[in-house]
Amino acid sequence: MSGEGVESFLKNIVDPWFTVQGLDSKTFAISEYGHWEKVHSFLLLGETRAALIDTGLGIDSIKRITDQLTDLPIIVLTTHVHADHIGGHGDYDTIYVHGDDANWLINGIEGLSLEQIRKNMARDITLPIPESFNPDTYKPYQGYPDRLLSDGDTIDLGNRSLSIYHTPGHSPGHISILDDETGYLFTGDLLYSDTPVYAFYPSTSPEDLVDSLEKITKIKAVSKIYGGHNQLGLEPRILEEVLAAIQYLKENHLVRHGTGVHAFKSFSVHF
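Now for a quick tour of the structure. Counting restarts for each chain, with residues numbered from 1 along the sequence as it is written. Under the rules for a predicted model, residues below a pLDDT of 70 receive no local features and side-chain atom pairs below 80 are neither given nor counted, while totals for whole chains, interfaces and linings still include all residues. Neither water nor hydrogens contribute to the side-chain values; these are computed over all heavy atoms in the structure.

### A word on the sheet that holds strand β14 (residues 261–263)
Turning to step 1, where the next piece is worked out: Note on pairing: two strands pair once DSSP finds at least 2 bridges between them. A run of H or I in DSSP counts as a helix once it spans at least four residues, and a run of E counts as a strand once it spans at least two, with each numbered from the N terminus. Reading across the sheet, the three strands line up as β12-β15-β14 and stay open at both edges, with mixed pairing between neighbours. Unpaired on one side and paired on the other, β12 (197–198) and β14 mark the two borders of the sheet.
Turning to step 2, where the next piece is worked out: Across three bridges, the pairing between β14 and strand β15 (residues 268–270) is antiparallel. The partner of Val 261 across the bridge, within β15, is His 270.

### Some remarks on the pairing of strand β9 (residues 161–166)
Turning to step 1, where the next piece is worked out: When strand β8 (residues 154–156) meets β9, the two strands line up antiparallel, connected through three bridges. Bridge pairing links Asp 156 to Ser 161 in β9.
Turning to step 2, where the next piece is worked out: In this antiparallel pair of consecutive strands, β8 and β9, the connection spans four residues, and Gly 158 shows a positive phi of 90°.
Turning to step 3, where the next piece is worked out: The pairing of β9 with strand β10 (residues 175–179) spans five bridges and is classified as antiparallel. Along β10, the bridge assignment pairs Leu 162 with Asp 179.

### Brief notes about helix α5 (residues 206–217)
Turning to step 1, where the next piece is worked out: Here a helix's expected span is defined as the number of its residues, less one, multiplied by 1.5 Å. Over its twelve residues, α5 runs 17 Å from end to end, which matches the ideal 16 Å to within 8%, given 1.5 Å per residue.
Turning to step 2, where the next piece is worked out: The complete set of buried residues in α5 reads Pro 206, Leu 209, Val 210, Ser 212, Leu 213, Ile 216 and Thr 217. The arc that holds every buried residue of α5, seen down its axis, measures 160°, which confines them to one face.
Turning to step 3, where the next piece is worked out: Along its buried surface, α5 packs onto β10, β11 (184–188), β12, α6 (238–251) and β15. Relative accessibility under 20% of the residue-type maximum defines a buried residue, over 50% an exposed one, and the middle range a partly exposed one, all with a 1.4 Å probe and only protein chains included. Here the arc refers to the directions that run from the helix axis out to each C-beta atom. The contact criterion used is simple: two residues touch if any of their non-hydrogen atoms lie within 4.5 Å.

### Considerations on the pattern of salt bridges
Turning to step 1, where the next piece is worked out: A pairing counts as a salt bridge when a side-chain nitrogen of Lys or Arg comes within 4 Å of a carboxyl oxygen of Asp or Glu. Evaluation of the coordinates by the stated rule reveals twelve salt bridges.
Turning to step 2, where the next piece is worked out: Residue Arg 123 is joined to Asp 124 by a salt bridge in which the shortest nitrogen-to-oxygen separation is 2.8 Å.
Turning to step 3, where the next piece is worked out: One salt bridge connects Arg 160 with Glu 181, and the closest N-O pair in it is separated by 3.8 Å. Placement of Arg 160 in the loop between β8 and β9 and of Glu 181 in the loop between β10 and β11 is noted, with a sequence separation of 21 residues between them.
Turning to step 4, where the next piece is worked out: Its relative accessible area of 46% is what places Glu 181 among the partly exposed residues.
Turning to step 5, where the next piece is worked out: Salt bridges linked by common partners bring Lys 26, Arg 160, Asp 179 and Glu 181 together as one network.

### Side note on the sheet that holds strand β13 (residues 224–227)
Turning to step 1, where the next piece is worked out: On the basis of which strands lie adjacent, the open sheet formed by five strands has the order β8-β9-β10-β11-β13 and mixed pairing. Each end of this open sheet is capped by a strand with a single partner; those strands are β8 and β13. Taken over all neighbouring pairs, the strand axes of this sheet differ in orientation by 25° on average, direction set aside.
Turning to step 2, where the next piece is worked out: Where β11 lies against β13, four bridges are found, and the strand directions are parallel. When the sheet's bridge partners are listed, Phe 186 is paired in β13 with Tyr 226. Interaxial angles span 0 to 180 degrees and are taken between N-to-C directions of axes, which are lines fitted to C-alpha atoms, for helices over the stretch in contact.

The values reported here are purely geometric and, on their own, carry no functional implication.
Written out as structure tokens, the structure reads:
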């Protein structure tokens, strides 16, 4: 499908909750701008199957959107097991997660109470919510994954391959995903703009987060960075800023819990 064809096709997807944007003819961002977290999920189409990177908040059914975008079988790639990224997991048959987050997927998320999760889900919503969503009874998805991912794994979608990078810190099993064909790097909650990247909960590790940020600066041929929140798409030059920020944080002994928010030109972190 050409760029003009994608644009025309997407004009037919008018949804009360999700916003769909084509990154190219085979890659789509599915965003939830009506919620304060401004979460992005991403659908990547191969020739034999598709990958859905995260499934959003679970306030409304993301499957309604993916059903309009592809007939291919879908595997869900979980960047990390937090409620705002696994909300629609229950609508899909095939779930992949890094081994270090598998326990959270099966037994529940550590470090955040259900009460706090429900408060986070219910606040600062600017669009009408579906009747099916009740924040008082909301529960994050729990279930067994179909595959445990490891650093260095490759996911074959049919003439399109994705490389898995273990990038812990925000969660123990957080991953980033490189589309080897396009150079798109999907960073989940490791790197995004506008609001701080969080590593201040007891279940987080500022040390691991900084190591993971350094790790992604070494990935070659990155054409665009797509984080899990806020601005859709960051230029790869931000990785130079990330390297300088890492040096500053280390030299000033700030890489530890309790040092607060550290703001840089294009991103910030909260330890």
